[in-house]
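Survey of secondary and tertiary structure
The residues making up each chain are set out below.
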Amino acid sequence: MTGILSEKFDRDLSSVMQSLQELLSELAMPELVPFIPFINSGKNDAELPHNWVPSDPKNLIQLFSLSFQLLNMVEENVAVQHRRSLQCNGKLETEAGLWPWAFKQLKQNDFHEKEIQSVIRKLEVEPVLTAHPTESKRAIILAHHREFYLQLVKRENQMWTPIEQAWQKEELKASLETLWRTAETFAERPDVSYELQNVMYYLKNVFPKLLPWLDKRFKTAWHESGFTSDLNLLDGDFPTFRLGTWVGGDRDGHPFVNSQITHDALHDLRLNALIVLRHSLNELASKLSIADKSSGVAEELSHRLSECRLRFPEVYLQAQGRSPGESLRCFVQIMINRLPIEVVREHATRLKENEWSYRRPAELKEDLEILVKSLRRIGAQRLVETEVHSVIRLLDTYGFHSARLDVRQNSQFHESALQELLKISGLPGFKSYAEWTPKQKSEFFKDELKSTRPLTLRSQSWEGKAKEVIECLQEMANYRKNFGVEGLGSYIVSMTRSVEDLYTVFILAREAGLAFVENGQLVCPVPVVPLFETINDLIGSSAILDQFLSHAMTKASLEFQMKENCRKQPQQQIMLGYSDSCKDGGIMASQWHLYRAQSELEKIAAKHNVELCFFHGRGGTVSRGAGPLHRFVQTLPPRALQASFRMTEQGETIARKYANQATAVYNLELLLAGVTTESLLSPKKSELQPDLVQILDQLAKTSLEKYRALITRDDFMEFFRATTPIDVLEHYNIGSRPSKRTGLASLEDLRAIPWVFSWNQSRFYLPSWYGVGTALCELKKNSIQKFDLLKNHITEIPLLNYVLHNVETTVASTNERIMSLYSELNKNKDTQELYMNLILSELRLTRSSLHEIYGSCIEERRPGVAKTIFLREPSLEFLHKIQIHYLREWRTADPKNPQKKDRLLEQIFATINAIAAGLRNTG
């Protein structure tokens, strides 16, 4: 933090915590006041007795949890106000990643505005909202956070009188009291419908309001950068994004997502889009109360109204009756009435298709274009820009579906479904599919995909996994038949290990009627997308893609999808798993193999004249792919980003990035500006020099060996389960999806989220750094020249600089004293000593190696990061000690006393929530 920024932060934080102090005193809780962090040096410091726990820590845990939440919101608001200050002083181009900065970079690289516009018109940017179980806060808590944050923003106004300031302080304390009195943890595990409601909140209340702000900021930056071209929304001159979601479609290890859930999700997403559009059109109608007598009626509008009178006389007469003598308003009212919904009981709505209803968003877009032309005819250009623009932008973003619903399922599940189908079909020689050799499978798909007939009769009753998959695919087929393909995303095959895993989906799609014959060839209208997750899968990904793109059905399907989506080139989507690759091989090997895979996959796609769209499955922590977005896109290989970009927004990152308007606009601008900039710069990038490739290969290989040597030891899982709260997280009501894929107690079966979450809670952060120190040390030992090359040019190697920068942050967040306290939970003292020696020696080696690479410690180079970690540490240490105490009690409690175990579990849940708030992440 700069001096001024640090002063504001200290001042704002102190004010908020003093309000909390007053509230607790007023609530007759003076015993808690000495423990309030950030303003007192009481008993919450690091000098607490080693195993000291208060007799009733419930309120103390809640105090620290709330304090961390307040600290996070103060930090967010200070960052927002800092960016506003930069904008006021004309220095926003110094804020890396935003449009002013992006345009400056592009101009310095000799790009002209027409080239920039060309890429912007091609942008396909899609944040995909998932329900990964990493959001530990209840939806009502998030709502209270938003209210409190607005109170902070309100106080930034310097015009309030002293009396008004006193009123505001009372309002802020009321918000604090609401937060204090609201239970933080889930009483029961949330189901899929709850998760869909949570995502729907953002789709209904947040994203629609951001669109005008995004466009205003873009337009201002465009002109202030010296560009002279006029920006026309109808020509695609404003950068757009669309939204995707997995909620209701992600079946990977999720037994509670069935075809009915998917049906309901598609229904709710469509209904939400139409409600939001209706609201926006109603607002537009209220603004266009322009009398025909004063401004006249444009020819286009008069002609269109005459058409409406002939085709939809009832709709026309109703609209005209509400807006006599106001043709523009009448026309908007006709648009409202033609939306395929109806209003019942005032504001309640439901889907309803009438003969006059719009069938596709393009029909509404056509009417809005007529409205734009009509307004321009009468010289009302300002109304186009301020009123109609936002409706068109909303329609472009939402369509009639809000967000495209992806479906994801595991390749092993598909294989079992195919086995069941083959058994039902009764074809001779098709038993025990799982036992076939690769050659037998290859021959089967080669022959079977030439046929257009299903394996079973349409009237056939399926069972088991075959039934689940086919009913899901039928749901997609029915939706496409009724509403088109716009609301359907991709069909993602997790753990793709061979090309047959993708062909299997083609067979299942044919069985469900989703695939059909087009020009004599079977085609699938929904993109079938491989998800490469482990290190070995990433290594083999290019060979799989080459085979897949060579297949006749793939080619025909991509051609069909290209035409249906009005693209100029076939596009294949590839999803990359950041979480599982890191869990599998550690951070360094994960990031390097992800880079190499993208580079090789791009070359394969170019060979087949296919455009690639990489779908980055990034989580909220470093070991799950997180990091500053604008720096992340800079690390991508040459030509890996060509205007098409998808990225998951998982769990807690949704609230962190989009809960508050200014922060949400900032994050979306980073996304759009980053993708635009990298799409232009990427083709000009040089391939990595052979000596750098060799260095990165060596670092990845050494770190992988070191990491795997640790996690594959026979007794490692015993140490892991004893030393972290993983057993509690398996009971934690944080998401609807189970923490394990199949229920086995193995590392392979454990999902990446609880793996990361548990290491973070115990302050090891192990997956995000382990192996890096040894890799750097070995490089120096084997070749001082290579080490010096890396050291002297680290800032010129974007990928490695990005990885080490993120590793440095997590290393700074570790706490050796806390790690040692958690390790004492392990009753096997031999394994405790063995693993702590291995881990702590590697941690210290990593810390010293990073210091040598960067020439200084993090406290000197990144004081803001160091300060925010240091500020949290005393309170966190207190919470860790309480958690360890209750973990020990819970694990040794008498199983015949379930009430006691449940009480202890609730206490541990509270500490997990509080520590997650302090660390600003879960998994």
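Residues numbered from 1 in each chain as written. Predicted model: local features only at pLDDT ≥ 70, side-chain atom pairs only at ≥ 80, totals over all residues. Heavy atoms only, no water.

Digging into unusual backbone geometry
One non-glycine residue, Asn-609, lies in the positive phi region at around 55°. One can find Asn-609 in the loop between α23 (587-607) and β11 (611-617). Residue class for Asn-609 comes out exposed when judged on its relative accessible area of 52%. Positive phi values are uncommon outside glycine, yet Arg-639 reaches one of about 65°. (Helix = DSSP H or I, 4+ residues; strand = E, 2+ residues; numbered from the N terminus. Buried < 20%, exposed > 50% of the residue type's maximum accessible area, 1.4 Å probe, protein only.)

Brief notes about the pairing of β11
By the criterion of burial, β11 is predominantly enclosed, with seven of the seven residues buried. Judged by which residues are buried, β11 turns out to be covered on both faces: Glu-611, Cys-613, Phe-615 and Gly-617 on one side and Leu-612, Phe-614 and His-616 on the other are all buried. Where strand β10 (residues 571-577) meets β11, seven bridges bridge the pair, whose relative direction is parallel. For Gly-577, the partnering residue across the bridge sits in β11 and is Gly-617. Here three bridges tie β11 to strand β12 (residues 644-650), and the two strands are oriented parallel to one another. Looking across to β12, one finds that Phe-615 is bridged to Arg-646. In the classification by handedness, the crossover that spans β11, the intervening helix α24 (residues 629-634) and the parallel β12 is right-handed. (Pairing = 2+ DSSP bridges. Right-handed = clockwise from strand over helix to strand, strands pointing away.)

Observations regarding helix α12 (residues 327-338)
Given a rise of 1.5 Å per residue, twelve residues ought to cover 16 Å, and the 16 Å separating the end C-alpha atoms of α12 matches this to within 8%. Among the residues of α12, those classed as buried are Ser-327, Leu-328, Cys-330, Phe-331, Val-332, Gln-333, Ile-334, Met-335, Ile-336, Asn-337 and Arg-338. Turning to α12, the residues buried within the fold contact α8 (259-287), α9 (292-295), α10 (299-311), α11 (313-322) and α13 (361-377). (Expected span 1.5 Å × (residues − 1). Contact = heavy atoms within 4.5 Å.)

A short note on the packing of helix α2 (residues 58-88) against helix α26 (residues 661-681)
The N-to-C vectors of α2 and α26 enclose an angle of 65°; their axes lie 10 Å apart at closest approach. The hand of the α2/α26 crossing is left-handed. Residue-level inspection shows Glu-76, Val-80 and Arg-83 of α2 in contact with α26, the latter providing Ala-662, Thr-663 and Tyr-666. Here the residues of the contact of α2 with α26 are counted per class, giving three nonpolar, one polar and two charged. (Axes fitted to C-alpha atoms, helices over the stretch in contact; angles between N-to-C directions. Left-handed = near helix turned anticlockwise from the far one by under 90°. Nonpolar A, V, L, I, M, F, W, Y, C, P; charged D, E, K, R; others polar.)

As for the environment of Leu-418
Here Leu-418 shows up in helix α15 (residues 411-425). Considering only alpha carbons, one finds Leu-418 and Leu-455, 37 residues apart in sequence, at a separation of 9.8 Å. Beyond its immediate sequence surroundings of up to four residues, Leu-418 is in contact with Tyr-433, Phe-444, Phe-445, Leu-455, Thr-504 and Ile-507.

As for the pattern of salt bridges
According to the stated counting rule, one finds 57 salt bridges in the structure shown. Between Glu-22 and Lys-173 there is a salt bridge, with its nearest N and O atoms 3.2 Å apart. Here Glu-22, found in helix α1 (residues 3-26), pairs with Lys-173, found in helix α6 (residues 162-181); they are 151 residues apart in sequence, far enough to count as distant. A relative accessible area of 29% places Glu-22 in the partly exposed class. One salt bridge connects Arg-862 with Glu-808, and the closest N-O pair in it is separated by 2.9 Å. Note that Arg-862 is positioned in the loop between α36 (858-861) and α37 (863-892) and Glu-808 in helix α33 (residues 798-813), a separation of 54 residues in sequence. As far as the burial class goes, Arg-862 and Glu-808 line up, both buried. (Salt bridge = Lys/Arg side-chain N within 4 Å of Asp/Glu carboxyl O.)

Re the pairing of strand β6 (residues 488-494)
Judged by how many residues are buried, β6 sits mostly within the fold: seven of seven residues are covered. Relative to β6, strand β5 (residues 404-410) is paired through five bridges, and the arrangement is parallel. The partner of Gln-409 across the bridge, within β6, is Val-493. Sheet analysis places β6 next to strand β9 (residues 528-532), joined by three bridges and oriented parallel. Along β9, the bridge assignment pairs Val-493 with Pro-530.

Here we look at the confidence of the model for the chain
Summary statistics for the chain give a mean pLDDT of 90 and a share of 94% for residues scoring 70 or more. In this model, residues 41-50 is a region of pLDDT below 50 whose contacts with residues beyond four sequence positions or in other chains number 22 contacts. (pLDDT = per-residue confidence, 0-100.)

Thoughts on the nonpolar core
Leu-203, Phe-207, Leu-368, Leu-371, Trp-755 and Leu-804 are the most contacted members of the largest nonpolar core, which has 278 residues in total. Residue contributions to this core peak at 14 residues, all from helix α7 (residues 192-224). (Core = buried A, V, L, I, M, F, W, Y, C linked by side-chain atoms within 4.5 Å.)

What to know about the packing of aromatic side chains
Enumeration according to the criterion identifies 35 aromatic pairs in this entry. Here the aromatic rings of Tyr-201 and Tyr-202 are separated by 5.4 Å at their centres, their planes lie at 90°, and the arrangement is edge-to-face. Look at Tyr-202 and you get buried, because its relative accessible area is 2%. Centroid distance Phe-516 to Phe-560: 5.4 Å. Interplanar angle 80°. Geometry classified as edge-to-face. Taken together, the residues span a long stretch of sequence, with Phe-516 in strand β7 (residues 516-518) and Phe-560 in helix α21 (residues 552-564) at a distance of 44 residues. With relative accessibility at 22%, the residue Phe-516 sits in the partly exposed group. The exposure class of Phe-560 is buried, given its relative accessible area of 15%. Aromatic rings pair up to connect Phe-716, Phe-719, Phe-720, Trp-755, Trp-759, Phe-764 and Tyr-835 into one cluster. (Phe/Tyr/Trp six-rings, centres within 6.5 Å; stacked < 30°, edge-to-face > 60°.)

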